[in-house]
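The lines below spell out each chain.
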Amino acid sequence: MREYKLFINGEWVESGMSETFDDLNPATLEIIGKIHKASDEDIKAAADSAQDAFDSWSGTPAPRRAKILFRAARMLEERKEELARLMTVEMGKVLEESRGDVQEAIDIAYYAAGEGRRLLGETTPSELPDKFAMTVRRPIGVVGLITPWNFPMAIPAWKTMPALISGNTLVLKPASDTPVMVIELVKILAEAGLPKGVLNLVMGEGSTVGSAIVHNKKIRAISFTGSLATGKWILGEAAKDMKKVSLELGGKNPIIVMDDADLNLALDGVLWGAFGTTGQRCTAASRVIVHEKIMPLFQEKLIERTRKLRLGSGLDENTDVGPVINSSQLEKIAKYVEIGKDECADLVLGGNTAKPLPGYFFEPTIFTEVTPEMRIAREEIFGPVLSLLSAGSLDEAIQIANSVEYGLSSSIYTENIKNAFKAIEKIEAGITYINASTIGAEIHLPFGGVKSTGNGTREAGTTAIEEFTEIKTVYIDYSGKLQRAQIDIE
Ligand code: NAP
């Protein structure tokens, strides 16, 4: 059985407490490997080595740091197919989507490397003569990165690449369900020439390893993607040490389908948004708010098309919907189906676990007659369960869309430009798509949400650099005399 070790100070090392945990294929339940579990001492060593590496790495010109990222991007590109297959084995998503996940890592690596020749500050006139004013970007220091399992390579790369180009050194903890993809990413970065100590990898459960990262005094910032509950806890704990925190949390993303929509286009978008990645995307469409005039037809066509989705191994090119990640996720989905039935929503399709293979499969599931106050319409299920809600007008649809605590992605299908702009203006979300599904973020645009989806930060795009840098304001007075701002004015 293959063993995967921790990466600390440039070396692959065994767990300090000699413990491992199993990494499972969620479709077959076969064990992929034994993962070394970090001890408290391992996490301390990881943070210490990141601290030791900081001076040299932050002092390396950013264009030179970029060369390593460019090399890593090319290596990811060369190994794309092999990595995508490994991802499907480890996480379950269908191969085509795994390829997309690796592609995101490639894209962000190139994009962040390009930032090596920008990392822009600003210059602006001073209010006083013979005085120069500007801002420069500085790295934060040692940063802790904690990532989820649903984008096993894209999300770790979304954090690692911008954090590195900005000059930070890192302690990275992947989700315990998908560590191998992150191990591969770290291997590539090390092979691309990353100096020792700059990137350290520790594996193990969130409640111990993740918590130790959050509490380590040498770690000055935490970048976290995961559930609302964990994010809230991290925010509270990190505040005690005044750490900078960025949170990318859950969603309950709506698609509004107006009576003037192109129905087939909307159906394509709803199927992709609700059942792509087996509904396990933070941007998954879990609510569809349909104009009441077209509800009967829309519902009929949606059920007909969803019924045709094939469950199975993500490696099989005929599979549309892969397994869910683990047994507790499967139980959570089944529990929500029961909640939906108890709330008197109408279960019109699916609702059961399935067994095309020994792993964790759940049928694509649709509830109709759902009302906004039901739990299935408000809480994140993170599985292939879709709720259909009805609205009599755009205003009502937007009101329903905004009635949840999350605000990540959103979408409207309409052929009417006024409806589209009203939706852009009024929907409370970090992302709004017009005539496209709720999923499909591109790496050169900011990504994140409002309300309980986060704490105001955005990943990717130019905002990725903001997440991982501090701004220093610089004044250079070359007048040779004391000049007092706000006082020595004419
Ligand atoms: P999770 O349970 O919060 O776990 C996320 C990460 O945090 C994992 O690495 C986990 O470790 C770790 N963790 C758990 N408890 C911790 C603690 N007390 N201290 C520090 N770290 C801790 O979330 P998940 O179930 O993996 O991911 C699904 C959630 O992520 C959904 O809510 C989804 O919407 C959200 N998500 C959001 C975005 C976004 O960008 N907005 C993107 C993707 C996913 P273990 O794996 O060892 O438990």
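Residues numbered from 1 in each chain as written. Predicted model: local features only at pLDDT ≥ 70, side-chain atom pairs only at ≥ 80, totals over all residues. Heavy atoms only, no water.

1. Section: the site of the ligand
The condition that has to hold: Working definition: residue near molecule or strand if any one of its non-hydrogen atoms lies within 4 Å of it. For the purposes of these results, a polar contact is taken to be a pair of N or O atoms within 3.5 Å, where, inside protein, one atom must be able to donate a hydrogen and its partner to accept one; residues adjacent in sequence count only when each atom of the pair is a side-chain atom. In this description, accessible areas are obtained by the Shrake-Rupley approach with a 1.4 Å probe, and a residue is regarded as covered only by the protein chains that are shown. Only DSSP runs of H or I with at least four residues qualify as helices, and only runs of E with at least two residues qualify as strands; both kinds are numbered from the N terminus onward. For this classification, the nonpolar set comprises Ala, Val, Leu, Ile, Met, Phe, Trp, Tyr, Cys and Pro, the charged set comprises Asp, Glu, Lys and Arg, and every other residue, Gly included, is treated as polar.
Taken together, the neighbourhood of the ligand is formed by 30 residues, with T147, S176, S227, L249 and E380 sitting nearest. T230 places a polar side-chain atom, nitrogen or oxygen, 2.8 Å from an oxygen atom of the ligand. Here an oxygen atom of the ligand sits 2.5 Å away from a polar atom, N or O, in the side chain of E380. Notes on the ligand: free accessible area 900 Å², of which the protein chains cover 86%. Among the secondary structure elements, those contributing two or more residues to the shell around the ligand are α7 (206–215), β11 (219–225) and α8 (228–239). Here the shell around the ligand is composed, by residue class, of 14 nonpolar, 12 polar and 4 charged.

2. Comments concerning the pairing of strand β14 (residues 285–291)
Rules: A simple rule labels every residue: compare its accessible area, found with a 1.4 Å probe on the protein chains alone, to the largest value its type can have, and call it buried under 20%, exposed over 50%, or partly exposed in between. Paired strands are those between which DSSP finds at least two bridges. Assignment of crossover handedness uses the view with strands pointing away from the viewer, where a clockwise path from the first strand over the helix to the second indicates a right-handed crossover.
Where burial is concerned, most of β14 is hidden: 7 out of the 7 residues are buried. In this structure, strand β13 (residues 253–257) lies alongside β14, joined through 5 bridges in parallel fashion. Residue pairing across strands places N253 opposite A285, the latter belonging to β14. What joins β13 to β14 is helix α9 (residues 263–275), and the crossover it makes is right-handed. Examined bridge by bridge, β14 and strand β19 (residues 385–391) share 5 bridges and lie parallel to one another. The residue of β19 that forms the bridge with V288 is L388.

3. Some details on the packing of helix α12 (residues 394–401) against helix α13 (residues 417–426)
Put simply, the rule is: All axes here are fitted lines through C-alpha atoms, helices being fitted over the stretch that makes contact, and every angle between N-to-C directions spans 0 to 180 degrees. Under this scheme an angle from 65 to 115 degrees is roughly perpendicular, one under 35 degrees roughly parallel, and one over 145 degrees roughly antiparallel; angles in between are oblique. Crossings are classed by handedness, with left-handed meaning an anticlockwise turn of the near helix from the far one by less than a right angle and right-handed meaning a clockwise turn. A contact between two residues is defined here by any heavy atoms of the two lying within 4.5 Å.
Relative to each other, α12 and α13 sit at 30 degrees, their axes nearing to 11 Å. Here α13 runs roughly parallel to α12, going by the angle between their axes. As α12 runs across α13, the sense of the crossing is right-handed. Along its contact with α12, which presents L394, D395 and I398, the element α13 presents N419, K422, A423 and K426. For the contact of α12 with α13, the per-class residue count stands at 3 nonpolar, 1 polar and 3 charged.

4. Points about the packing of α9 against helix α10 (residues 295–307)
One way to put it is that α9 packs onto α10 with a least axis distance of 10 Å and a crossing angle of 50 degrees. Looking at the two axes, α9 sits oblique to α10. Taken as a pair, α9 and α10 cross one another with a handedness that is right-handed. Residues L263, N264, A266, L267, D268, V270, L271 and F275 of α9 lie in contact with α10, whose contacting residues are L297, F298, K301, L302, R305 and T306. Residue composition of the contact of α9 with α10, by class: 9 nonpolar, 2 polar and 3 charged.

5. Describing the pattern of salt bridges
Defined as follows: For this document, the term salt bridge refers to a Lys or Arg side-chain nitrogen within 4 Å of an Asp or Glu carboxyl oxygen.
Inspection of the entire model under this criterion finds 24 salt bridges. E459 is the salt-bridge partner of K159, the closest N and O atoms lying 2.7 Å from each other. Here E459 lies in the loop between β23 (450–451) and α14 (463–467) and K159 lies in helix α5 (residues 154–165), a separation of 300 residues in the sequence. Note on accessibility: K159 and E459 belong to one class, buried. A salt bridge links E184 to K187, with the nearest nitrogen and oxygen atoms 3.2 Å apart.

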